[in-house]
Amino acid sequence: MIPLSILDVTAVPEGSTTAQALENARDLAQHAERLGYHRLWVAEHHNMQSIASAATSIVIAHLANATTSIRLGSGGIMLPNHAPLIIAEQFGTLATLFPGRIDLGLGRAPGTDQVTARALRRNLSGSVDDFPNDVLELQHYLKPAQPGQAVVATPGAGTEVPLWILGSSLYGAGLAAMLGLPFAFASHFAPAHMEQAIDIYREQFQPSAQLEKPYVMLGYNVFAADTDEEAQLLQTSMMQTFVRLWRGTPGKMPPPQAGYWDTLGPQEQQMLGAMLRCSAVGDPDTVATAMHAFVASTGADELMLMSSIHDHQKRLRSFELAAAAVG
């Protein structure tokens, strides 16, 4: 089986707090390390009651201080929100404190609503169209400083933190291929263009100093439990979260709800079916079968698992069962 990693959005469940969510993230990172997961990433989101990782680099430091070997990083930093120099300094600092353990995944979406995105902008004329140049500028700051270089990221210069391009469309695939960077696709919630994006990336890939051949990591939802029925119940928290976002009524992650699927209309069922088709839901045998089939059909080099479960202990159990199921 290929390497398994974890995406943790530091979800804040109903009845809990952001402080507890960050403590749960720390606990998950420690468990993931013991279970043999390759890396764990956290994501940048803003103005969302349900996610506690807005200050992404600080959360990564929190997790790195609690672990010793697992790779940690961003899935991702939404680069249009930041000056590349700032991110070079932040991740250069992380790489200096925790050498050989830090990844820098980059996305071009704002990670929030348009009003908040405007509040986050480093200038009002910035655009997602600047993303390729911003990536190159960031990459420049992380390389060894050259004689006479006017602006040097300190810390940052010479750390050469590995960059990843994140995407949920064909755009990211083409950019990652052109720059010769590894590509992480958000198939855990936006799988519509997954197969085409993988093909474009592999066909157009240009080797670089960082990467000689294409490397694809795919997001994949896992809801593993001792029985299929329990796993299906646990998944309803994620379903409710997506439906609430779709209806414009977001909030903290709700507890699971028995029979939830049957309360939805045809449009909502269709939306969820499309969004969550890259998922394994069930007991260990069911999960193992689904994961192996997904890897065989996509040729993924690595899976990044997401287990969006309301109860923290059951989320830990899900990741434990998933790791054991595929050996």
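Residues numbered from 1 in each chain as written. Predicted model: local features only at pLDDT ≥ 70, side-chain atom pairs only at ≥ 80, totals over all residues. Heavy atoms only, no water.

J.: Pulling in residues and values, what's your account of unusual backbone geometry?
T.: Along the chain, Gly75 connects to Gly76 via a cis peptide bond; the corresponding omega equals 5 degrees. The residue Gly76 is located in strand 3 (residues 71-78) in this model. In this structure, Pro155 follows Thr154 across a cis peptide bond, with omega equal to -5 degrees. Positionally, Pro155 belongs in the loop between helix 5 (131-142) and strand 5 (163-167). Positive phi outside glycine occurs at Thr10, with the angle close to 45 degrees. The topology assignment puts Thr10 in the loop between strand 1 (4-8) and helix 1 (18-35). (Helix = DSSP H or I, 4+ residues; strand = E, 2+ residues; numbered from the N terminus.)

J.: Run through the nonpolar core, naming residues and quoting values.
T.: Within the largest apolar cluster, 72 residues are counted, with the highest numbers of intra-cluster contacts made by Tyr37, Leu40, Leu104, Met291, Leu303 and Leu305. In this structure Met291 touches Met1, Leu4, Tyr220, Val222, Ala280, Leu303, Leu305 and Val326, once residues within four positions along its chain are discounted. Listed in part, the 28 residues of the second largest apolar core include Val9, Ala43, Ala184 and Phe242. (Core = buried A, V, L, I, M, F, W, Y, C linked by side-chain atoms within 4.5 Å. Buried < 20%, exposed > 50% of the residue type's maximum accessible area, 1.4 Å probe, protein only. Contact = heavy atoms within 4.5 Å.)

J.: Describe the packing of helix 1 against helix 11 (residues 312-325), naming the residues involved and giving the relevant values.
T.: For any two helices packed against each other, the geometry comes down to the angle between their axes and how far apart the axes lie. The geometry of helix 1 relative to helix 11 is characterised by a closest axis approach of 11 Å and an angle of 20 degrees between their N-to-C directions. Here helix 1 lies roughly parallel to helix 11, going by the angle between them. Read as a crossing pair, helix 1 and helix 11 show a hand that is right-handed. On the side of helix 1, the interface is formed by Asn24, Asp27, Leu28, His31 and Leu35, while helix 11 contributes His312, Arg315, Leu316, Phe319, Glu320 and Ala323. For the contact of helix 1 with helix 11, the residue count by class is five nonpolar, three polar and three charged. (Axes fitted to C-alpha atoms, helices over the stretch in contact; angles between N-to-C directions. Parallel < 35°, antiparallel > 145°, perpendicular 65-115°, else oblique. Left-handed = near helix turned anticlockwise from the far one by under 90°. Nonpolar A, V, L, I, M, F, W, Y, C, P; charged D, E, K, R; others polar.)

J.: Go over the environment of Gly100, please, and point to the residues and values.
T.: Topologically, Gly100 is positioned in the loop between helix 3 (84-97) and strand 4 (102-107). On a C-alpha basis, the gap between Gly100 and Gln270 in space is 43 Å, while along the polypeptide they are 170 residues apart.

J.: Would you mind going over helix 10 (residues 284-298) in detail, with residue names and values included?
T.: Given a rise of 1.5 Å per residue, 15 residues ought to cover 21 Å, and the 21 Å separating the end C-alpha atoms of helix 10 matches this to within 8%. Of the residues making up helix 10, those classed as buried are Val287, Ala288, Met291, Phe294, Val295 and Thr298. One side of helix 10 carries all its buried residues, which in axial view fall inside an arc of 135 degrees. Turned more than 90 degrees away from the buried face of helix 10, the exposed residues are Asp285, Thr289, Ala296 and Ser297. Residues of helix 10 that are buried in the fold lie against strand 1, helix 7 (194-204), strand 7 (216-224), strand 8 (279-282), strand 9 (302-306) and helix 11. (Expected span 1.5 Å × (residues − 1). Arc of directions from axis to C-beta.)

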